[in-house]
Amino acid sequence: MTSVYTELTKEAAKRGSPAALRAFYRRQGLLIGAAVAGVSFAGTRLYSKVRARGSGTTAAPVSGPASESGTDAPAPGEGHDA
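Residues numbered from 1 in each chain as written. Predicted model: local features only at pLDDT ≥ 70, side-chain atom pairs only at ≥ 80, totals over all residues. Heavy atoms only, no water.

A word on the side chain of Glu-11. With respect to the helices, strands and loops of the structure, Glu-11 is situated in helix α1 (residues 4-15). Excluding its chain neighbours within four sequence positions, the residues that come into contact with Glu-11 are Leu-21 and Tyr-25. (Helix = DSSP H or I, 4+ residues; strand = E, 2+ residues; numbered from the N terminus. Contact = heavy atoms within 4.5 Å.)

Here's what the structure looks like:
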């Protein structure tokens, strides 16, 4: 079983030098970070659009005489089509 140091040394040799290996992984981190930031931004924009669209479709309260019980629901037996 090889040690982690040996594996890192082999990979650094493939890339050209330890500095090149660090640069490679930094670029990978930047690409992953940019992707995460882009998806987060797009998700936030989509959420804002959906939320704004949903708030405009709420029904306005109906004004009119209230029933004696204080609720807007019809009494049992009233308003039902039989």
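On we go.
Turning our eyes to something else, we now look at the packing of aromatic side chains. For the structure shown, the criterion picks out one aromatic pair. When the centroid spacing of 5.1 Å and the interplanar angle of 75 degrees are considered together, the rings of Phe-24 and Tyr-25 count as edge-to-face. Since its relative accessible area comes to 17%, Phe-24 is described here as buried. The ring of Phe-24 has Arg-15 sitting right over it, with the charged end atom 3.6 Å from the ring centre. (Phe/Tyr/Trp six-rings, centres within 6.5 Å; stacked < 30°, edge-to-face > 60°. Buried < 20%, exposed > 50% of the residue type's maximum accessible area, 1.4 Å probe, protein only. Lys NZ or Arg CZ within 6 Å of the ring centre and 35° of its normal.)

Remember, this is a structural readout, not a statement about activity or role.
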